[in-house]
Amino acid sequence: MTGTDHEPSPDQPSHRPLVAILSGAGISTDSGIPDYRGPNGLWRRDPEAEKLVTYDTYMADPEIRRRSWRMRLESPAFRARPNAAHEAVARLERSGTPVRVITQNVDGLHQLAGLPERKVLELHGTARAVTCTRCHARSSMAEALERVAAGDPDPACLVCGGVLKSATVMFGERLDPQVLGTALGVAKAAEIFLAVGTTLQVQPAASLAGVAAEHGARLIIVNAEPTPYDALADEVIREPIGSALPRLLEGLG
């Protein structure tokens, strides 16, 4: 981009704006994964469930760990498939539009839909891997869940015997500063910033919408409930994400 506002000549490619998408739990509900903070969210239905993903409690209480592993074993997230919204994002990227996804989700559905790994920033880590809290060895969640299903209620690290946890950021843990720094850079550079299926209440992820708006991005919020950033948005869409997002992104491609 040269800074001029004339039309590109026929032999020059048209400028395509960088589209950043901050996705939250709402983008995955059509895949059968319940959200956490919505009207019927997990934390509202079962406040005790929050203990299962709180680091200090998880590390201190073997019974909490056993319950956490049972929760993971029964979680619909590992059987879920990408829905129309995930597929629309991947389709936009394949069209040649510069796309970066910053996701609060840990389900890996953006990647399963075909979005390249390097274009997805997982702020809260991934539930598809496990890590040892002692030696930091990393392995697949599928392998750990096989051990749980076979009768090991709290599988230990096979390398050092330490406590295993999902490779997600639990309550009480810090976000990866490198991932957060990259996400901040994307928010500043984006010309279009979409916040999709997120309440924009969890910081610092929510602040990325404000950063994008402050740096001149067109801010579009697609969410069923009001968010603290609605007043900053150029457009707020309350329609179901599975139909609204594909239609919206088709207009950007």
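Definitions and cut-offs
- All residue numbers refer to position in the chain's written sequence, counted from 1.
- Thresholds applied to this predicted model are a pLDDT of at least 70 for local features of residues and 80 or more for the giving and counting of side-chain atom pairs; totals over whole chains, interfaces and linings are not thresholded and use all residues.
- Note: side-chain values were computed over all heavy atoms of the structure, leaving out hydrogens and water.
- When the centres of two rings from Phe, Tyr and Trp lie within 6.5 Å, Trp using its six-membered ring, the rings pair. Their planes under 30 degrees apart give stacked, over 60 give edge-to-face, and anything left gives tilted.
- Lysine and arginine charges are scored as sitting over a ring when NZ or CZ, respectively, is within 6 Å of the ring centre and within 35 degrees of the ring normal.
- Angles run from 0 to 180 degrees between N-to-C directions of axes, and those axes are lines fitted to C-alpha atoms, restricted for helices to the stretch in contact.
- Here a helix means four or more residues in a row that DSSP labels H or I, a strand means two or more in a row labelled E, and each is numbered from the N terminus.
- Orientation is classified from the angle alone, with under 35 degrees giving roughly parallel, over 145 giving roughly antiparallel, 65 to 115 giving roughly perpendicular, and any other angle giving oblique.
- Crossings are assigned a handedness: left-handed for a near helix turned anticlockwise from the far helix by less than a right angle, right-handed for a clockwise turn.
- Two residues form a contact once any of their heavy atoms are found within 4.5 Å.
- To sort residues, take the accessible area from a 1.4 Å probe on protein chains only and compare it with the maximum for the residue type: under 20% means buried, over 50% means exposed, and anything in between is partly exposed.
- When DSSP finds two or more bridges between two strands, those strands count as paired.
- Salt bridges are identified by distance alone: a Lys or Arg side-chain nitrogen within 4 Å of an Asp or Glu carboxyl oxygen.

## Details of the packing of aromatic side chains
Phase 1 of the analysis: Applying the stated rule across the entire model yields zero aromatic pairs.
Phase 2 of the analysis: Over the face of the ring belonging to W69 we find R72, whose NZ or CZ atom lies 4.3 Å from the ring centre.

## Re the packing of helix α4 (residues 84-94) against helix α9 (residues 241-250)
Phase 1 of the analysis: Interhelical geometry of α4 versus α9 gives an angle of 15° and a closest axis separation of 8 Å. Judged by the angle between their axes, α4 and α9 are roughly parallel. For the pair α4 and α9, the sense of crossing is left-handed. Residues A84, A85, A88, V89, R91 and L92 of α4 form the contact with α9, whose own contacting residues are I241, G242, L245, P246 and L249.

## So, the pairing of strand β6 (residues 164-168)
Phase 1 of the analysis: Buried residues dominate β6, accounting for five of its five residues.
Phase 2 of the analysis: Sheet topology places strand β4 (residues 125-132) next to β6; five bridges connect them, and they run antiparallel. Among the inter-strand pairings, T131 is bridged to a residue of β6, identified as K165.

## Some details on the pattern of salt bridges
Phase 1 of the analysis: Tallying each qualifying case throughout the model produces nine salt bridges.
Phase 2 of the analysis: Where K119 meets E93, a salt bridge forms, and the shortest distance between an N and an O atom there is 2.7 Å. Of the two residues, K119 sits in the loop between α5 (109-112) and β3 (120-122) while E93 sits in helix α4, which places them 26 residues apart along the sequence.
Phase 3 of the analysis: For E93, a relative accessible area of 14% corresponds to the buried category.
Phase 4 of the analysis: Notably, a salt bridge pairs R247 with E239, separated by 2.3 Å at the nearest N-O pair.
Phase 5 of the analysis: R247 sits in the partly exposed class, given a relative accessible area of 48%.
Phase 6 of the analysis: Residues participating in the shared-partner salt-bridge network are E63, R66 and R70.

## Structural notes on the sheet that holds β4
Phase 1 of the analysis: Taken together, the three strands give an open sheet; going across it, the order is β5-β4-β6, and neighbouring strands pair in antiparallel fashion. If you trace the sheet from one side to the other, it starts and ends with β5 (138-140) and β6, each paired once. Taking the axes of each pair of neighbouring strands and ignoring which way they run, one obtains an average angle of 45° across the sheet.
Phase 2 of the analysis: Along the sheet, helix α6 (residues 141-149) makes contact with β4, β5 and β6, crossing β5 at roughly 70°.

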